[in-house]
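Inside the fold
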Amino acid sequence: MATIDPEHTPSVFEANADGLKDGPVIADGVDEEPVEGNRRLFEGSVNLVVAWMAGLYALFHMAALNGWSIEAMTGVDIPYLPTFPMETWTFRIVHVAGALILGFVLYSARAFPDADRGGRHPLDLVGWALALPALYACWTAIGFAAEIAGGTMWNGMDAGIRAAETWHYGAPLLFAIAGSILVGWVRPRVRDAIAPADLTLGICAAAAAIYLITIYGTTMRNATGTPFAPIGMSFAAMAGTALIMELTRRVAGLALIVIAGVFLAYVFVGDLLPGFLNAPEIQWTRFFSIVYTDAGILGPTTAVSSTYIILFIIFAAFLQASKVGDYFVNFAFAAAGRARGGPAKVAIFASGLMGMINGTSAGNVVATGSLTIPLMKRVGYKPQTAGAVEAAASTGGQIMPPIMGAGAFIMAEITGIPYTDIAVAAIIPAILYFASIYFMVDFEAAKLGMRGMREDELPKFRDMARRVFLFLPIIILIAALFMGYSVIRAGAYATAAAAVVSWLTPYRMGPRSIARAFEIAGVMSVQIIAVCACAGIIVGVISLTGVGARFSSVLLDIAAANQFLALFFAMCIAILLGMGMPTTAAYAVAASVVAPGLVQLGIPMLTAHFFVFYFAVVSAITPPVALASYAAAGISGSNPMATSVTSFKIGISAFVVPFMFFYNAAILMDGTWFEVIRAGLTAVFGVFLLSSGVQGWWNGARANTAIRVGLIVVALLMIEGGWQSDLIGLGGAAVLFILARTMRSRTAAS
């Protein structure tokens with residue numbers, strides 16, 4: 001994690017490892033992944049084994065996605081090694097199961113105490129005892145696979161098979177899971193050792209995966225959701241659902257678990273609810289035989305996490321191992337550090353760039369904010385403002401093309417719209433968002449009379465420019481995407497480029513560094529995979545119960561009275577669903593609940609999904625539950641609620657831009673070049689006026705209340721996008737400019 005002493009400023013130029021005199025090294029370790037309070041830290045042989053697990057897990061995905069295998073490359077058939085390409089459902093089941101096993105090894109059920117409570121504990125014996133039924137269920141699943149491979153026709157209605165699946169597989173599996181979860185909650189934690197109960201949960205994940213892969217490889221795959229489905233399918237899916245929710249709780253907190261729990265409860269009580277919430281009665285066996293298919297957990301969210309997301313996590317890990325992230329931040333300091341309030345403007349550039357790649361608002365705040373927030377405080381920003389700027393910038397990274405965190409890939413998967421179209425459509429909205437934040441921090445710096453950082457506090461720009469080739473992996477990624485290569489192939493090329501350019505730096509990537517990069521990727525992927533799988537549970541509920549269609553009908557009823565009110569209602573739902581949830585999960589759920597209703601209103605598919613996506617993103621800085629703002633408050637030492645309110649204020653344009661999509665499609669590149677350019681320019685001027693009105697800084701001086709209100713009004717006219725509104729807005733801005741200058745002249749004369 002990047003650290004800096006706010007009281008110490010290097011005043012002499014230091015030589016970096018490559019011999020260039022870059023001045024003070026501002027960023028060092030920005031790429032390093034923060035260690036969560038419940039993450040285990042292993043040593044010795046255990047650390048080596050876990051590192052190999054994580055590295056091989058990531059390497060498996062890179063090989064599977066690109067069709068690498070020993071047999072394909074050498075012609076030698078080695079038994080029991082996977083061959084690629086794998087069958088889709090099998091690949092996704094392995095993807096989720098691997099994350100579950102790795103996650104339970106890495107993450108404890110609760111945060112570790114300040115002092116580890118070493119030694120054995122009686123509950124360890126319980127954990128080892130629970131491993132016995134888990135191993136028995138695993139052995140039974142392997143036995144089923146052997147029978148089916150031997151030619152046994154599996155009939156879900158056969159009484160003998162149902163009894164075997166119930167008592168020899170389902171019962172011991174669920175018993176082991178329930179007991180291990182409870183033991184994990186109460187057992188004292190030891191940070192450098194794996195709890196036996198967590199090992200048991202990993203075995204249970206393997207048992208569920210073995211059974212599902214076996215059964216889905218037979219004709220029983222077509223029986224999901226029918227009375228002919230084997231009872232073991234429901235038991236395996238129930239076990240998988242419980243494991244996914246427990247791991248999600250460990251890595252992402254309770255917010256998503258509470259929402260998923262509400263949706264799961266709705267499956268079984270929906271028939272008792274009145275009005276549009278009423279749903280048909282659903283048997284538990286039917287629901288769980290469907291939820292672990294492509295209608296739920298193995299659906300769009302896992303499809304994206306098993307392909308695009310894991311690929312770009314590997315890409316980010318290679319950038320991290322080659323220290324490119326440190327260069328990005330140092331480059332930003334060299335370019336913008338001298339401007340007034342320089343560290344805040346650096347945070348906008350650096351956090352936006354890093355957030356685009358890593359796709360997590362709160363995680364990016366911790367990574368780059370530990371550097372930028374102390375520097376912002378040092379040049380005069382209040383702690384809550386410093387934290388708010390970092391939170392807003394890190395959040396905006398997820399709407400920055402071409403990567404957009406992972407949202408663009410999920411949107412492409414759900415809508416069927418080509419990824420390149422989505423990335424192009426996001427350009428102007430991203431410019432508007434970051435331009436707005438820039439104006440906000442610049443006006444704040446002007447009001448407070450701030451200075452930039454001194455020359456001797458910053459890296460030399462000309463020396464940073466000599467290593468601009470470190471941007472090459474991202475340039476190759478963008479070029480490959482727009483040359484028509486698939487996202488997977490483009491990501492593989494960019495990852496290889498990150499390794500190649502490292503040879504032109506002191507951090508050359510050899511076999512050890514490449515292995516380390518795959519290990520980092522495996523660890524980094526656990527959280528997002530668990531979150532996507534958990535979101536798949538919610539998507540499965542929505543699909544099976546039809547509640548999404550009923551929400552759509554409610555939106556249509558509201559729109560009959562007022563279309564703007566329907567959009568406002570959709571905005572509120574998207575933000576509420578996103579509060580406390582990672583963006584990928586928030587968007588996936590909101591896209592299932594809200595977006596279909598917007599499409600039925602006549603809004604184009606791309607516009608409707610962008611509308612939902614933006615509000616799912618900005619939920620990270622929306623009070624009262626703003627994860628990115630809370631993370632920033634922890635670093636800045638400010639009040640979390642005050643920081644979230646300030647970050648909401650700084651990112652205010654993000655709450656206006658989505659409505660622009662509805663009123664002016666040119667903002668999403670839908671129109672002639674002239675229409676697109678005019679819409680972009682007038683919208684940028686509009687967010688300038690909006691920022692000026694919100695901050696109360698106009699024409700080089702503080703603005704009174706009347707002028708601030710006037711600025712906000714003309715800003716909204718400029719953002720609306722019509723010819724008449726643009727002309728009125730320009731005229732209004734001119735009047736306010738003259739009025740402010742006249743008032744200032746009179747004040748000076750008096």
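Residues numbered from 1 in each chain as written. Predicted model: local features only at pLDDT ≥ 70, side-chain atom pairs only at ≥ 80, totals over all residues. Heavy atoms only, no water.

Assigned secondary structure in the chain consists of 32 helices and two strands. For the chain, whose C-alpha radius of gyration is 27 Å, the value lies close to the compact-globule estimate of 27 Å for 750 residues. Its C-alpha atoms give the chain principal-axis dimensions of roughly 100 × 65 × 50 Å. Within the chain, the fraction of its 750 residues that count as buried is 59%. If you take every contact in the chain between residues at least 6 apart in sequence, the share linking residues at least 24 apart comes to 79%. Summed over all atoms, the accessible surface of the chain reaches about 29000 Å², with 66% contributed by carbon and sulfur. Averaging the positions of the 41 positive and the 42 negative side-chain charges in the chain gives two centres separated by 10 Å. (Helix = DSSP H or I, 4+ residues; strand = E, 2+ residues; numbered from the N terminus. Rg over C-alpha atoms; globule rule 2.2 N^0.38 Å. Buried < 20%, exposed > 50% of the residue type's maximum accessible area, 1.4 Å probe, protein only. Contact = heavy atoms within 4.5 Å. Areas by Shrake-Rupley, 256 points an atom, 1.4 Å probe, with all protein chains shown as cover. Lys, Arg positive; Asp, Glu negative; His and termini not counted. Charge placed at Lys NZ, Arg CZ, Asp CG, Glu CD.)

Here the focus is a nonpolar patch on the surface. Side chains of Leu48, Trp52, Leu56, Leu59 and Trp68 sit close together on the surface and give an oily, nonpolar patch of about 520 Å² of accessible area. With respect to the element layout, leucine 48 can be found in helix 1 (residues 44-66). (Patch = residues over 30% accessible without salt bridge, like charges linked within 9 Å, V, L, I, M, F, W, Y side chains within 5 Å. Salt bridge = Lys/Arg side-chain N within 4 Å of Asp/Glu carboxyl O.)

With the rule as written, the count across this model stands at 34 aromatic pairs. With 4.9 Å between their ring centres and 25° between their planes, tyrosine 169 and tyrosine 211 make a pair best called stacked. Within this pair, whereas tyrosine 169 is found in helix 5 (residues 159-186), its partner tyrosine 211 is found in helix 6 (residues 196-216), the two being separated by 42 residues in sequence. One aromatic cluster is present, formed by Tyr438, Phe439, Phe443, Phe685, Phe688, Trp698 and Phe737 through successive ring pairs. Positioned above the aromatic ring of tryptophan 89 is the side chain of arginine 221, whose terminal nitrogen or guanidinium carbon lies 3.8 Å from the ring centre. (Phe/Tyr/Trp six-rings, centres within 6.5 Å; stacked < 30°, edge-to-face > 60°. Lys NZ or Arg CZ within 6 Å of the ring centre and 35° of its normal.)

This brings us to the packing of helix 1 against helix 10 (residues 300-321). For the pair helix 1 and helix 10, the least separation of the axes is 10 Å and the interaxial angle reads 120°. Overall, the two elements helix 1 and helix 10 adopt an arrangement that is oblique. Helix 1 and helix 10 meet at a crossing whose hand is left-handed. Listed contacts from helix 10 to Ala58, His61, Met62 and Leu65 of helix 1 are Ser306, Thr307, Ile310, Leu311 and Ile314. For the contact of helix 1 with helix 10, the class distribution of residues is six nonpolar, three polar and no charged. (Axes fitted to C-alpha atoms, helices over the stretch in contact; angles between N-to-C directions. Parallel < 35°, antiparallel > 145°, perpendicular 65-115°, else oblique. Left-handed = near helix turned anticlockwise from the far one by under 90°. Nonpolar A, V, L, I, M, F, W, Y, C, P; charged D, E, K, R; others polar.)

What the rule picks out here adds up to eleven salt bridges. Across the salt bridge formed by aspartate 198 and arginine 250, the nearest N and O atoms sit 3.0 Å from each other. Linking aspartate 198 in helix 6 with arginine 250 in helix 7 (residues 231-252), this pair joins segments that are 52 residues apart in sequence. Pair check on accessibility: aspartate 198 and arginine 250 agree, each one buried. Taking the shortest distance from any N to any O, the salt bridge between lysine 345 and aspartate 442 comes out at 2.7 Å.

Following both chains from N to C, one finds helix 13 (residues 361-378) and helix 14 (residues 383-396) inclined at 140°, their axes separated by 9 Å at the closest point. Compared by their axis directions, helix 13 and helix 14 come out oblique. In this structure, helix 13 crosses over helix 14, and the sense of that crossing is right-handed. Where helix 13 approaches helix 14, its residues Ser361, Asn364, Val365, Thr368, Gly369, Thr372, Ile373, Met376 and Lys377 are matched on the opposing element by Pro383, Ala386, Gly387, Val389, Glu390, Ala391, Ser394 and Thr395. Looking at the contact of helix 13 with helix 14, its residues break down into seven nonpolar, eight polar and two charged.

The end-to-end C-alpha distance of helix 21 (residues 511-545) is 50 Å, a good match for the 51 Å that 35 residues give at a rise of 1.5 Å each. At serine 525, helix 21 is bent by approximately 35°, the largest bend along its length. Within helix 21, 27 of the 35 residues are buried, which leaves it mostly tucked inside the rest of the structure. Downstream of helix 21 by a residue or two, glycine 546 has a phi angle that is positive, lying close to 75°. (Expected span 1.5 Å × (residues − 1). Bend = angle between axes of the 7 residues up to and from the residue.)

The predicted coordinates ought not to be read in detail in places where the model reports low pLDDT. Of all residues in the chain, 91% have pLDDT values of 70 or greater, and the mean over the chain is 84. Note on residues 1-22: pLDDT under 50 across the span, and 55 contacts to partners over four residues away in sequence or across chains. (pLDDT = per-residue confidence, 0-100.)

With that out of the way, let us pick up helix 3 (residues 88-106). Across its 19 residues, helix 3 extends 27 Å between first and last C-alpha, which sits within 8% of the 27 Å expected from 1.5 Å per residue. Most of helix 3 is tucked away, with 16 of its 19 residues classed as buried. Where helix 3 begins, the side chain of glutamate 87 points an oxygen toward the backbone nitrogen of tryptophan 89, at a separation of 2.9 Å. (Polar contact = N/O pair within 3.5 Å; in protein donor to acceptor, adjacent residues only side chain to side chain.)

This part takes up the nonpolar core. Grouped burial of nonpolar side chains is what soluble globular proteins tend to show. Within the largest apolar cluster, 250 residues are counted, with the highest numbers of intra-cluster contacts made by Tyr169, Tyr211, Tyr292, Leu598 and Phe610. Sequence-distant contacts of phenylalanine 610, defined by excluding residues within four places in its chain, comprise Met404, Met411, Ile422, Ala425, Ala426, Phe661 and Leu668. (Core = buried A, V, L, I, M, F, W, Y, C linked by side-chain atoms within 4.5 Å.)

Looking now at the state of the cysteines. Applying the stated rule across the entire model yields zero disulfides. Among the cysteines around cysteine 204, which has no disulfide bond, cysteine 138 carries the closest sulfur, lying 8.8 Å off. Summary of cysteine pairing: cysteine 532 is not part of a disulfide, and the nearest cysteine sulfur, belonging to cysteine 534, is at 10 Å. Overall, the relative accessible area of 1% leaves cysteine 532 in the buried class. (Disulfide = S-S within 2.5 Å.)

A separate point is the environment of serine 234. You can see serine 234 is positioned in helix 7. Under the relative-accessibility criterion, serine 234 is labelled buried at 2%. Placed 20 residues apart in sequence, serine 234 and threonine 214 show a C-alpha to C-alpha distance of 14 Å. Dropping the residues within four chain positions of it, serine 234 is found in contact with Trp284, Thr285, Phe288 and Ser289.

So, on to the side chain of glutamate 390. Here glutamate 390 lies in helix 14. There is no salt bridge for the buried glutamate 390, and the closest opposite charge comes from lysine 377, which lies 13 Å off by N-O distance. Setting aside anything within four residues of it in sequence, one finds glutamate 390 in contact with Ala347, Ser351, Asn364, Val365, Thr368, Gly369, Thr372, Ile373 and Met376.

A few words now on the side chain of serine 653. Note that serine 653 resides in the loop between helix 28 (640-650) and helix 29 (657-663). Judged by its relative accessible area of 1%, serine 653 is buried. With sequence-adjacent residues up to four places away left out, serine 653 is seen in contact with Leu432, Tyr433, Ser436, Val687 and Leu690.

This brings us to unusual backbone geometry. Even without a glycine there, the phi angle at methionine 669 is positive, about 65°. As for its position among the elements, methionine 669 is in the loop between helix 29 and helix 30 (673-695).

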